[in-house]
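A closer look at the structure
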Amino acid sequence: MEPNFTLTGDEARALMVAIASSNASMPANMTVNLWTRLNEISQVQPPTQPETEDQD
């Protein structure tokens with residue numbers, strides 16, 4: 001199955017935080033499935049480092 005959108009690792013981690021702090025309810029198997037997929041994405045793509053400005 002082709003994905004219909006892509007996420008960066010940072011976006012996946014942000015969604016994982018949102019899920020963990022949400023009071024929404026959905027079936028446990030759906031939550032675990034989504035969490036597992038987001039975790040796979042977050043592990044493959046390391047966090048981006050903030051760009052630093054060179055000061056002369």
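None of the values given here were measured: they were computed from a predicted structure. (Residues numbered from 1 in each chain as written. Predicted model: local features only at pLDDT ≥ 70, side-chain atom pairs only at ≥ 80, totals over all residues. Heavy atoms only, no water.)

**Things to note about the overall build of the protein chain**
What the protein chain contains, in helices and strands, is 2 helices and 0 strands. Summed over all atoms, the accessible surface of the protein chain reaches about 5,200 Å², with 55% contributed by carbon and sulfur. (Helix = DSSP H or I, 4+ residues; strand = E, 2+ residues; numbered from the N terminus. Areas by Shrake-Rupley, 256 points an atom, 1.4 Å probe, with all protein chains shown as cover.)

**Overview of a nonpolar patch on the surface**
Taken together, the side chains of Met26, Met30 and Leu34 define a hydrophobic patch exposed on the protein surface, amounting to about 270 Å² of accessible area. With respect to the helices and strands, Met30 occurs in helix H2 (residues 28–44). (Patch = residues over 30% accessible without salt bridge, like charges linked within 9 Å, V, L, I, M, F, W, Y side chains within 5 Å. Salt bridge = Lys/Arg side-chain N within 4 Å of Asp/Glu carboxyl O.)

**Concerning helix H1 (residues 9–21)**
If you check H1, its first and last C-alpha atoms are 19 Å apart, about what 13 residues at 1.5 Å a residue would give, namely 18 Å. Inspection of H1 places Gly9, Ala12 and Met16 among the buried residues, and these make up the whole buried set. The buried residues of H1 occupy an angular sector of 60 degrees when the element is viewed end-on, so they sit on one face. Turned more than 90 degrees from where H1 packs its buried face, Val17 and Ser21 sit exposed. Check the buried side of H1 and you find it contacts H2. (Expected span 1.5 Å × (residues − 1). Buried < 20%, exposed > 50% of the residue type's maximum accessible area, 1.4 Å probe, protein only. Arc of directions from axis to C-beta. Contact = heavy atoms within 4.5 Å.)

**A word on the side chain of Ser42**
With respect to the helices and strands, Ser42 occurs in helix H2. Here Asn39 takes part through its backbone oxygen, which lies 2.9 Å from a polar atom of the side chain of Ser42. Beyond its immediate chain neighbours, meaning those up to four positions away, Ser42 contacts Gly9, Ala12, Arg13 and Met16. (Polar contact = N/O pair within 3.5 Å; in protein donor to acceptor, adjacent residues only side chain to side chain.)

**Focus: the pattern of salt bridges**
Under the defined criterion, the tally for this structure stands at 1 salt bridge. Across the salt bridge formed by Arg13 and Asp10, the nearest N and O atoms sit 2.8 Å from each other. Of this pair, Arg13 and Asp10 both sit in helix H1, 3 residues apart, roughly one helical turn. We classify Arg13 as partly exposed; its relative accessible area is 23%.

**A look at the environment of Glu11**
By secondary structure assignment, the location of Glu11 is in helix H1. Take Glu11: its relative accessible area is 39%, and that puts it in the partly exposed class.

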